[in-house]
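# Structural description and commentary
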Amino acid sequence: MQNQTEQAFSEILEESKHKIYRICKVYAVSPIEPQDLFQEVIIQVWKSLPTFKGNSSISTWVYKVALNVCYTSKVRLEKKNLNPVSLESIKFQLAEIPPEKDQQEKYLALRKCISSLNEVDKSIIVLYLEELPYKEIAVITGLTENHIAVKMKRIRKSLLKCITKKLK
Amino acid sequence: MMEEELKDIWGELKDVWRNSSQSEKIELQMSGLLAELKSKVSQFEKDSIKKDIKMIKSSTSQFEKDSIKRDVTNITTSIRKIIQYFKKKKE
């Protein structure tokens, strides 16, 4: 049983590490680094995996855990109740080929604009950018698909306005 | 803005988003990570329980302490009476 859990955990991590990290990068607020949040998410995935009931796909579940951890870390930081952990077996290295300047500028503008949204809108747009269908976004956020569709129209509009302004 | 144009913009933003995680490599040494998690998680849980106990202890008001003391005194008195009753009966 333990071996099965470990095997599943390894597979989930290899499959999801980049998407978890993308979310952490948006939610990390100084002094918390995205790497700190990433480790918090990994710990929570490990702790919660035995309770995963299969009510949703494992990918949806990972998104849910990641968003919850990122949100609660922010709250814990505000309450000065967050002591980031350090897992030595996770290493981050800069890629050999850095991203193009133009792409980097666009990403920074996108990230800044997402960060200015409220928590619900932030999680909806992050999941949209991850290309999740509204049905799955609904499962994760607890909102109805219709509500998400309505919200998405407004979020996309305001986000585009914000990004255009930043890139001018 | 035209529908098609918007579609293109969002398509590009999705690419920018997806590629953002490629700026860093994430290396996971899985066997080491599993060992770390096993030891750290149990320690977190112990620390968390300790913290909870400390919080419960500190949040117990004086009133509750007095109330518990009074209850203990009442129970002790009652037990003494019962013991005395049985002793007398035996005699």
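Residues numbered from 1 in each chain as written. Chains lettered and ligands numbered in written order. Predicted model: local features only at pLDDT ≥ 70, side-chain atom pairs only at ≥ 80, totals over all residues.

On to the overall build of chain B, then. Counting its regular elements, chain B contains three helices and one strand. If you list the helices and strands of chain B from N to C, you get α-β-α-α. Classification of the 91 residues of chain B by burial places 9% in the buried group. (Helix = DSSP H or I, 4+ residues; strand = E, 2+ residues; numbered from the N terminus. Buried ≥ 20, exposed ≤ 12 C-beta atoms within 10 Å, placed from the backbone.)

This next bit is on the overall build of chain A. Assigned secondary structure in chain A consists of seven helices and one strand. When its helices and strands are written in sequence order, chain A yields α-α-α-β-α-α-α-α. The C-alpha radius of gyration of chain A comes to 17 Å, within 12% of the 15 Å expected for a compact globule of 168 residues. When contacts within chain A are restricted to residue pairs at least 6 apart in sequence, those whose partners lie at least 24 apart make up 68%. (Rg over C-alpha atoms; globule rule 2.2 N^0.38 Å. Contact = placed C-beta atoms within 7 Å.)

Residue and element names in this part refer to chain A. Domains assigned within chain A are domain 1 (1–93) and domain 2 (96–168). Taken together, the 10 residues of domain 1 in the interface contact 11 residues of domain 2. Of all elements in the fold, only α1 (2–27) and α3 (58–78) reach the threshold of two or more residues within the side of domain 1 that touches domain 2. By residue number, the principal contributor to the side of domain 1 that touches domain 2 is α3, which donates five residues. Taken together, the residues of the side of domain 1 that touches domain 2 sort by class into five nonpolar, two polar and three charged. (Domains from an automatic or database assignment. Nonpolar A, V, L, I, M, F, W, Y, C, P; charged D, E, K, R; others polar.)

Moving on: the interface of chain B and chain A. Tallying the contact residues gives 24 residues for chain B and 30 residues for chain A. It is helix α2 (residues 30–59) of chain B that contributes the most residues to the side of chain B that touches chain A, eight residues altogether. Residues that form the side of chain B that touches chain A fall into these classes: 11 nonpolar, seven polar and six charged. Relative to strand β1 (residues 24–28) of chain B, strand β1 (residues 90–94) of chain A runs antiparallel, the two being bridged by five bridges. Of the residues in β1 of chain B, the one forming a bridge with Gln93 of chain A is Lys25 of chain B. (Pairing = 2+ DSSP bridges.)

This part covers helix α7 (residues 145–167) of chain A. Given 3.6 residues per helical turn, the α-helix brings residues three or four places apart onto the same face. Spanning 23 residues, α7 of chain A covers 32 Å between terminal C-alpha atoms, matching the ideal 33 Å at 1.5 Å per step. Residues of α7 of chain A that are buried in the fold lie against α4 (101–115), α5 (119–129) and α6 (134–141) of chain A. (Expected span 1.5 Å × (residues − 1).)

All names here are of chain A. If you look at the biggest cluster of nonpolar residues, it comprises 42 residues, and the most contacted ones within it are Ile23, Cys24, Val41 and Ala66. Summarising the domain contributions, this core has at least three residues from each of domain 1 (1–93) and domain 2 (96–168). Setting aside its immediate chain neighbours within four residues, Cys24 contacts Pro34, Leu37, Phe38, Val41 and Cys70. (Core = buried A, V, L, I, M, F, W, Y, C linked by C-beta atoms within 7 Å.)

What follows is about the confidence of the model for chain A. Do not read the predicted coordinates in detail wherever pLDDT is low. Mean pLDDT for chain A: 90, with 98% of residues reaching 70 or above. The weakest mean pLDDT in chain A belongs to α3 of chain A at 90; the strongest belongs to α5 of chain A at 96. (pLDDT = per-residue confidence, 0-100.)

Of all residues in chain B, 76% attain a pLDDT of 70 or more, and the chain-wide mean is 83. Mean pLDDT per element in chain B: α2 of chain B is the minimum at 75, and β1 of chain B is the maximum at 92.

Residues and elements named next belong to chain A. Look at α6 against α7: their axes get within 9 Å of each other, and the N-to-C directions meet at 105°. One element, α6, and the other, α7, form an angle in the roughly perpendicular class. Contacts between α6 and α7 pair Tyr134, Lys135, Ile137 and Ala138 from the former with Glu145, Ile148 and Ala149 from the latter. For the contact of α6 with α7, the per-class residue count stands at five nonpolar, no polar and two charged. (Axes fitted to C-alpha atoms, helices over the stretch in contact; angles between N-to-C directions. Parallel < 35°, antiparallel > 145°, perpendicular 65-115°, else oblique.)

Its 15 residues place the ends of helix α2 (residues 34–48) of chain A 21 Å apart at the C-alpha level, agreeing with the 21 Å of an ideal helix rising 1.5 Å per residue. Where α2 of chain A is concerned, the buried positions are Pro34, Gln35, Leu37, Phe38, Glu40, Val41, Ile42, Val45 and Trp46 of chain A.

A separate point is unusual backbone geometry. All names here are of chain A. The omega torsion of the bond from Ser30 to Pro31 falls at 5°, within 30 degrees of zero and hence cis. Looking at the element boundaries, Pro31 is found in the loop between α1 and α2. A positive phi angle is found at Glu131, which is not glycine, with a value near 65°. Take Glu131: it is sitting in the loop between α5 and α6. Overall, Glu131 belongs to the exposed group, with 10 C-beta atoms counted inside 10 Å.

A few words on the environment of Leu37 of chain A. Residue and element names in this part refer to chain A. Summarising the element assignment, Leu37 is placed in helix α2. In the structure, Leu37 is positioned 58 residues away from Ala95 in sequence and 20 Å away in space, judged by C-alpha atoms. Beyond its immediate stretch of four places on either side in the chain, Leu37 contacts Cys24, Tyr27, Ala28, Ile32, Cys70 and Ser73.

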